[in-house]
Amino acid sequence: MMQGFVSGRYWCAVSALALMVGWGGQAWAMPVAAHEIVGMSRDGSVYLDRQMAYENNDYVVTYRLVSTANGTSVTIEFPPGANNPYIAGMSPDGSVLAGVYYTDSGPKAFIWKNGQLTFSSTLSSFLNVAGVSNNGIVAGTQFDPSSSNALIWQDGRFTPAPHDGPVTSTSAAAISLDGSTVVGEVTSSGDNGHYHAMVWKLADQSVFNIDTLYDRSSAEFVSRDGSVVAGEGTHFGQDDQDEYRVFRWSMLGGMRDIGTLGDSGQYMSLSAMSDDGSVLVGTGGVQSGADHAYRYVAPAQPNGTGELTDLGTLGGQNSYARNVSADGRYVVGYAQNAENVDRGFRWSEATGMQSIEQWLSAAGVTYNYATVDAEFISDDGNVVTGLTDEGNIYVARVGAVSGIIDEAKFFPTVVQAASTSVQNNVGNANTIMFGAQGNPMRNLLTEGQRSVWGTVDGGYDNSDLSEGGLALGEFGFGYGIAEGVTARFSVGGTYSNQDLDAGGSVRQRGYYLSPEVSTHLGSDVYLTLGGYLGRSSIDTARGYLNGSSQDYSNGSTHADTWGAKIRFDWLNAANIGATDITPYAGLSYARTKVDGYTETGGSFPVSYDETKDHSTVLRIGADFVHPLTDTVRLLAKAEADYQFEKHAATTSGTLIGLNDFSIAGQDLKQLWVRGGLGAEFDAGGGTASLMVNATTEGQDPTVWVRANYTVKF
């Protein structure tokens with residue numbers, strides 16, 4: 001459950017370098033780049049990640065809204081000149097964010113919604129955003145040099161809290177989910193500048209001080225309907241020995257101190273509150289001097305006595321509560337184990353305090369890394385997110401589908417299976433049009449002449465996503481329509497079996513039809529136009545880590561691909577040392593559509609949306625023919641290739657049982673070179689040829705062999 005925003009206790013360093021900063025004469029290490037989770041949607045589907053990077057003697061702050069299913073993210077973009085952005089509010093569904101950033105002309109408040117930023121230029125001073133309600137009302141505080149004013153921002157308009165009578169200043173800390181109530185602090189004349197817990201009812205614009213117990217207090221949380229408020233209060237003591245307390249307030253019961261875990265001198269702090277305000281969680285001091293997480297359950301009757309429970313530890317000295325589920329049944333945080341090492345925990349009355357690892361183990365999930373914190377929990381208590389001891393963000397869940405995902409390791413598997421399926425079909429079209437059919441000048445026919453041929457290609461491909469074998473075979477018929485005009489038509493089949501880098505495989509079987517015509521333009525220049533139409537069936541076995549266990553989810557689908565090419569050959573444009581050289585230039589376009597499908601099996605199956613992708617490739621090269629004897633000729637090819645597209649298609653779908661996702665396509669290698677070496681010889685009334693082709697890293701197969709036998713008659 002997201003109860004406002006809490007700062008992550010751990011900053012995950014993503015660089016081994018550290019900046020040494022002086023502090024009170026001592027040196028301490030500040031990470032050059034770090035990130036922390038600062039919010040999560042109530043259903044556990046997305047979280048807000050803040051990253052700080054040290055660049056040019058200053059910190060650059062970046063916010064990302066990240067899917068818990070696969071790690072794909074949306075970066076919150078700010079306009080040029082925006083500095084020090086701070087997002088302090090997030091709607092329960094994660095679709096609306098609110099905060100403030102600074103420009104040379106002053107601070108600007110913003111709302112982010114549906115990928116757009118809405119700005120206000122009316123601020124004359126600092127604005128702190130406190131929260132966002134279900135209906136998009138933003139609560140915050142505007143600070144002037146001498147006072148502060150709580151306000152709401154709705155439909156682009158600010159409405160300040162009324163400062164009537166003795167009220168001199170107000171500030172906002174939270175807004176109820178129904179948008180009816182803002183809570184925070186109020187200062188009145190005669191209070192010697194001491195602030196007290198405040199409730200602001202928006203319906204009648206009433207602001208009142210609810211503090212009846214403390215010398216100073218602050219309201220920090222409010223229930224869904226605004227009827228219950230919780231916060232912290234202070235009793236002033238001598239010699240700076242103030243006592244820090246936690247309170248709960250309701251209209252009927254008034255303000256009540258929830259008590260302490262030790263004697264009256266021990267402090268209490270508040271971290272979160274359940275939706276209806278009946279459960280509070282936080283951390284309090286115990287008589288041993290340690291800190292323990294607690295859970296407080298309010299009494300059923302306004303004048304009853306509540307129940308305060310010490311949640312204990314994982315065997316060590318300290319524990320700290322971070323959040324609570326919507327119904328108050330589950331608490332998460334971090335605690336020390338018997339070795340005094342921090343571990344994330346989840347607590348319930350049924351299980352007591354369990355480390356996240358113990359919680360997962362009880363559900364049959366194995367793992368090979370440890371958690372150091374549990375920061376947020378979904379409404380139903382089944383999804384927990386936090387940080388691992390490696391500094392990565394994890395998503396753990398127990399229920400109908402159980403497991404733990406390290407986002408840095410899981411989401412690439414979704415892309416690998418989908419992109420391999422798509423790119424294989426686009427690549428097959430290009431390999432056929434410029435591979436199996438890559439030398440039209442060796443199959444020119446005179447008027448009325450015919451030819452038949454068979455071609456087999458077999459090869460190996462190793463890309464950023466997968467590696468494995470591929471093969472194709474085709475039969476074709478050619479006819480000399482007129483002098484200088486040759487038509488060809490081929491029918492073929494394809495097969496590939498690619499092992500995915502993360503485990504599993506993608507296997508494809510298909511067939512294609514391909515027409516082609518070459519015509520003489522004059523001066524030994526030929527134009528070749530060709531087409532391609534193919535259909536394939538695809539079987540996937542996507543491998544991924546569920547904790548430390550290798551898991552697989554399987555799927556089946558179909559793909560339809562079409563393509564076209566245009567090619568110019570200058571036949572025997574040069575002859576060097578008896579070697580005929582035919583330069584050429586070609587352009588191909590291939591487009592494929594992979595039908596949507598749903599995986600089965602495994603702990604984290606995915607339902608993929610239909611995916612479409614295309615490629616446009618420019619090829620410039622030369623074919624070489626050198627006679628060795630009257631019946632044997634040496635063949636060679638050199639080619640440079642450029643693909644115009646920079647990125648593969650976006651992968652979208654649903655992680656079953658969790659949420660939708662959309663993952664940007666991988667970066668593509670746009671430039672590569674190809675070389676080929678082989679021979680042809682006359683045999684049995686026809687011509688046989690064999691050529692070995694190899695490419696640098698690109699969109700063509702890494703290496704393949706083309707074998708052909710053609711008979712002209």
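Residues numbered from 1 in each chain as written. Predicted model: local features only at pLDDT ≥ 70, side-chain atom pairs only at ≥ 80, totals over all residues. Heavy atoms only, no water.

Asks: Break down the overall build of the protein for me, citing the residues and quoting the values.
Replies: Regarding its fold elements, the protein presents two helices and 51 strands. Expected size for 713 residues packed as a compact globule is a radius of gyration near 27 Å; at 34 Å, the protein overshoots this value by more than 25%. When the backbone C-alpha atoms are referred to their principal axes, the protein occupies close to 110 × 55 × 50 Å. Split into buried and exposed, the 713 residues of the protein put 54% on the buried side. Relative to all contacts within the protein whose residues are 6 or more apart in sequence, the contacts with residues 24 or more apart total 53%. Put simply, the protein shows about 29,100 Å² of open surface, and 53% of that area lies on carbon and sulfur atoms. Charged side chains of the protein number 40 positive and 76 negative; the gap between the two group centres comes to 8 Å. (Helix = DSSP H or I, 4+ residues; strand = E, 2+ residues; numbered from the N terminus. Rg over C-alpha atoms; globule rule 2.2 N^0.38 Å. Buried < 20%, exposed > 50% of the residue type's maximum accessible area, 1.4 Å probe, protein only. Contact = heavy atoms within 4.5 Å. Areas by Shrake-Rupley, 256 points an atom, 1.4 Å probe, with all protein chains shown as cover. Lys, Arg positive; Asp, Glu negative; His and termini not counted. Charge placed at Lys NZ, Arg CZ, Asp CG, Glu CD.)

Asks: Help me get a handle on the domain arrangement of the protein, residues and values and all.
Replies: Domain boundaries in the protein define domain 1 (92-369) and domain 2 (408-712). Spacing between the C-alpha centres of domain 1 and domain 2 amounts to 60 Å. Between domain 1 and domain 2, the residue contacts involve five residues of the former and four residues of the latter. Roughly 380 Å² of surface becomes buried between domain 1 and domain 2 when both sides are summed, with 42% attributable to carbon and sulfur atoms. Of all residues in domain 1, Thr366, Asn368 and Tyr369 bury the most surface against domain 2, accounting for 76% of the area lost on that side. Summed over the shared surface of domain 1 and domain 2, the number is zero residue pairs in polar contact (both at pLDDT 80 or more). (Domains from an automatic or database assignment. Buried area = accessible area lost by both parts, 1.4 Å probe. Polar contact = N/O pair within 3.5 Å; in protein donor to acceptor, adjacent residues only side chain to side chain.)

Asks: Any details on the packing of aromatic side chains? Residues and values, ideally.
Replies: Inspection of every chain in the model, using the stated rule, returns eleven aromatic pairs. Summarising the aromatic geometry, the rings of phenylalanine 208 and tryptophan 249 are spaced 6.3 Å apart at their centres and angled 50 degrees between planes, so their arrangement reads as tilted. Here tryptophan 249 lies in strand β21 (residues 243-250) and phenylalanine 208 lies in strand β18 (residues 206-209), a separation of 41 residues in the sequence. Put simply, the rings of Phe78, Tyr101 and Phe110 touch in pairs and so form one group of aromatic residues. Over the ring of phenylalanine 434 we find lysine 565, and its NZ or CZ is 5.4 Å from the ring centre. Here arginine 567 stacks its cationic end above the ring of tyrosine 584, 4.0 Å away from the centre of that ring. (Phe/Tyr/Trp six-rings, centres within 6.5 Å; stacked < 30°, edge-to-face > 60°. Lys NZ or Arg CZ within 6 Å of the ring centre and 35° of its normal.)

Asks: Can you break down the sheet that holds β21 residue by residue, with the values?
Replies: Spatially, the four strands line up as an open sheet ordered β19-β20-β21-β22, and their pairing is antiparallel. Both edges of this open sheet fall to β19 (216-222) and β22 (254-257), since each of them pairs with a single strand only. Between one strand axis and the next, the sheet turns by 30 degrees as a mean value, whatever way the strands run. Where β19 meets strand β20 (residues 228-235), six bridges bridge the pair, whose relative direction is antiparallel. (Pairing = 2+ DSSP bridges. Axes fitted to C-alpha atoms, helices over the stretch in contact; angles between N-to-C directions.)

Asks: How would you sum up the pattern of salt bridges? Please name residues and give values.
Replies: A complete count under the given rule lists 24 salt bridges for this structure. Residue aspartate 623 pairs with lysine 637 through a salt bridge whose shortest N-O separation is 2.5 Å. One end of the pair, aspartate 623, is in strand β45 (residues 611-627); the other, lysine 637, is in strand β46 (residues 632-643), with 14 residues separating them in the sequence. The exposure class of aspartate 623 is buried, given its relative accessible area of 5%. On the basis of relative accessible area, lysine 637 is assigned to the buried category, the value being 6%. Linked by salt bridges that have partners in common, Arg619, Glu639, Asp641, Arg674 and Asp700 make up one network. (Salt bridge = Lys/Arg side-chain N within 4 Å of Asp/Glu carboxyl O.)

Asks: Quick one: what's the story with the pairing of strand β42 (residues 579-594), residue by residue and with numbers?
Replies: Pairing analysis gives eleven bridges linking strand β40 (residues 549-570) to β42, with the strands arranged antiparallel. Counted as the bridge partner of aspartate 569 is tyrosine 584 from β42. Relative to β42, strand β41 (residues 574-576) is paired through three bridges, and the arrangement is antiparallel. When the sheet's bridge partners are listed, isoleucine 576 is paired in β42 with threonine 579. From the end of β41 to the start of β42, which pair antiparallel, there are two residues, and glycine 577 there has a positive phi angle of about 55 degrees.

Asks: How would you summarise a nonpolar patch on the surface if you had to cite specific residues and measurements?
Replies: A contiguous nonpolar surface patch, about 870 Å² in accessible area, is contributed by Leu521, Leu529, Ile566, Phe568, Leu587, Leu618, Ile620, Tyr642, Phe644 and Leu671. At the level of secondary structure, the elements contributing two or more residues to the nonpolar patch comprise β40 and β45. Assignment of secondary structure puts tyrosine 642 in strand β46. For tyrosine 642, a relative accessible area of 31% puts it in the partly exposed group. (Patch = residues over 30% accessible without salt bridge, like charges linked within 9 Å, V, L, I, M, F, W, Y side chains within 5 Å.)

Asks: So, the confidence of the model for the protein: which residues are in play, and what are the values?
Replies: Interpreting fine coordinate detail is not advised for predicted regions of low pLDDT. Per-chain confidence: the protein averages 85 in pLDDT, with 90% of residues scoring 70 or above. When mean pLDDT is taken per element in the protein, strand β25 (residues 291-297) scores highest with 97 and strand β1 (residues 18-23) scores lowest with 23. Low pLDDT, under 50, characterises residues 1-33; the stretch is placed with 94 contacts to residues that sit more than four places away or in other chains. (pLDDT = per-residue confidence, 0-100.)

Asks: How would you explain the side chain of threonine 234 if you had to name every residue and give the values?
Replies: Note on placement: threonine 234 falls in strand β20. For threonine 234, a relative accessible area of 7% translates into the label buried. When neighbours within four sequence positions are excluded, threonine 234 is seen to be in contact with Tyr214, Asp215, Arg216, Asp242, Glu243 and Tyr244.

Asks: Go over the nonpolar core with me, naming the residues and quoting the values.
Replies: Membership of the largest hydrophobic core comes to 20 residues, with the highest contact counts inside it found for Phe410, Val414, Phe604, Val606 and Tyr608. The set of elements that each furnish at least two residues to this core consists of α2 (407-436), β39 (525-546), β44 (606-608) and β48 (659-663). Per element, the largest residue contribution to this core is six residues, and it comes from α2. Apart from the residues within four sequence positions on either side, valine 414 is in contact with Arg542, Val606, Tyr608, Thr651, Phe661 and Ile663. In terms of nonpolar packing, the next biggest core, distinct from the first, is built from 16 residues, Val38, Leu65, Leu97 and Tyr101 among them. (Core = buried A, V, L, I, M, F, W, Y, C linked by side-chain atoms within 4.5 Å.)

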